[in-house]
Amino acid sequence: MADSTGAVKHILLAKFKDTITSEQIDELIKGHAALVNLIEPMKSFHCTHGYAIRFCEAELRGTNVSTNNLHQGFTHIFESTFDSVEGIAEYLVHPAHVEFADRYLPFGENMIVVDYRPTKVV
């Protein structure tokens, strides 16, 4: 049975348009990471991009070792952590997030968003 308390993850898988530059992507990542300092319910942010893992608080790099090639063109994963589902709702309407999303959306070709509460399997 799922636990109704504890951290909630907000995951965004992004597929950018071919016309976006790596500099523009870096600026979007920095903008997304900056939201942690602007939106109280957002507790942490991590991202992967390309096939290198980049945790935005520290430069940790690794390579994708998957051999199944099922990424469907999605190249970036943005993971934010919140204390509650209500925190995600507050984040989504926060003016800083709305402004960020307005800048991000024109560069996106496709996205998938999933919110979930990690549960321990015993």
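Residues numbered from 1 in each chain as written. Predicted model: local features only at pLDDT ≥ 70, side-chain atom pairs only at ≥ 80, totals over all residues. Heavy atoms only, no water.

**What about the confidence of the model for the protein?**
Filter applied, for reference: Confidence of the predictor at the level of single residues is given by pLDDT, which spans 0 to 100. Where helices and strands are cited, they refer to DSSP runs of H or I of at least four residues and of E of at least two residues respectively, numbered from the N terminus. Throughout, a residue-residue contact means that at least one pair of heavy atoms, one from each residue, lies within 4.5 Å.
Considering every residue of the protein, the mean pLDDT works out to 82; 82% of them sit at 70 or more. Per-residue pLDDT, averaged within each element of the protein, yields its smallest value for strand β3 (residues 52-54) (36) and its largest for helix α2 (residues 85-93) (97). Contacts of residues 50-64 to residues separated by more than four positions or lying in other chains number 31 contacts, the stretch itself having pLDDT below 50.

**Thoughts on helix α3 (residues 95-104)**
As a reminder of what qualifies: Categorising residues by exposure relies on relative accessible area from a 1.4 Å probe, with only protein chains included: less than 20% of the type maximum marks a residue as buried, more than 50% marks it as exposed, and the intermediate range marks it as partly exposed. Within this analysis, the arc is defined by the directions that extend from the helix axis to the C-beta atoms.
Along α3, the residues that are buried comprise A96, H97, F100, A101 and Y104. Along the axis of α3, the buried residues cluster in a sector spanning 130°; they form a single face. Among the exposed residues of α3, those oriented more than 90 degrees off its buried face are P95 and D102. Residues of α3 that are buried sit in contact with β1 (8-16), α1 (22-34), α2 and β5 (108-116).

**Comments concerning the layout of surface pockets**
Put simply, the rule is: In this analysis, the protein atoms alone were mapped onto a 1 Å grid. Cavities are point sets where a 1.4 Å probe fits without being able to get out; pockets are open sets with protein on both sides within 12 Å along at least five of seven lines; lining residues have an atom within 4 Å of a point. Grid points are joined across faces, edges and corners, and a volume is the space filled by probe spheres set on the points. Here the term charged refers only to Asp, Glu, Lys and Arg, the term nonpolar to Ala, Val, Leu, Ile, Met, Phe, Trp, Tyr, Cys and Pro, and the term polar to all other amino acids, Gly among them.
In this model, the second largest pocket occupies a volume close to 180 Å³. Along its surface, the second largest pocket is lined by H10, L12, H32, Y91, L92, H97, F100, A101, Y104, L105, M111 and V113. Residue contributions to the lining of the second largest pocket peak at 4 residues, all from α3. Its residues placed into classes, the lining of the second largest pocket shows 9 nonpolar, 3 polar and no charged.

**Thoughts on the pattern of salt bridges**
What counts is decided by this rule: Salt bridges are counted wherever a side-chain nitrogen of Lys or Arg sits within 4 Å of a carboxyl oxygen of Asp or Glu.
Scanning the model with the defined rule gives 5 salt bridges in all. K30 serves as the salt-bridge partner of E27, at 3.8 Å between the closest nitrogen and oxygen. Linking E27 with K30, this pair stays in helix α1, spanning 3 residues, or about one helical turn. On the accessibility criterion, E27 (51% relative accessible area) is exposed. Across the pair E40 and K43 runs a salt bridge whose closest N-O atoms are separated by 2.8 Å. Taken together, the salt bridges that share partners define one network made up of E40, K43 and D83.

**Focus: a nonpolar patch on the surface**
For clarity, the cut-off: Within the patch definition used here, like charges are joined within 9 Å and nonpolar side chains (Val, Leu, Ile, Met, Phe, Trp, Tyr) within 5 Å, considering only residues with over 30% relative accessible area and no salt bridge. For accessible areas, the Shrake-Rupley method is used with a probe of radius 1.4 Å. Any residue's cover is judged against the shown protein chains and nothing else.
Residues L105, M111 and V113 make up a contiguous nonpolar surface patch of about 240 Å² in total accessible area. Relative to the assigned elements, L105 resides in the loop between α3 and β5.

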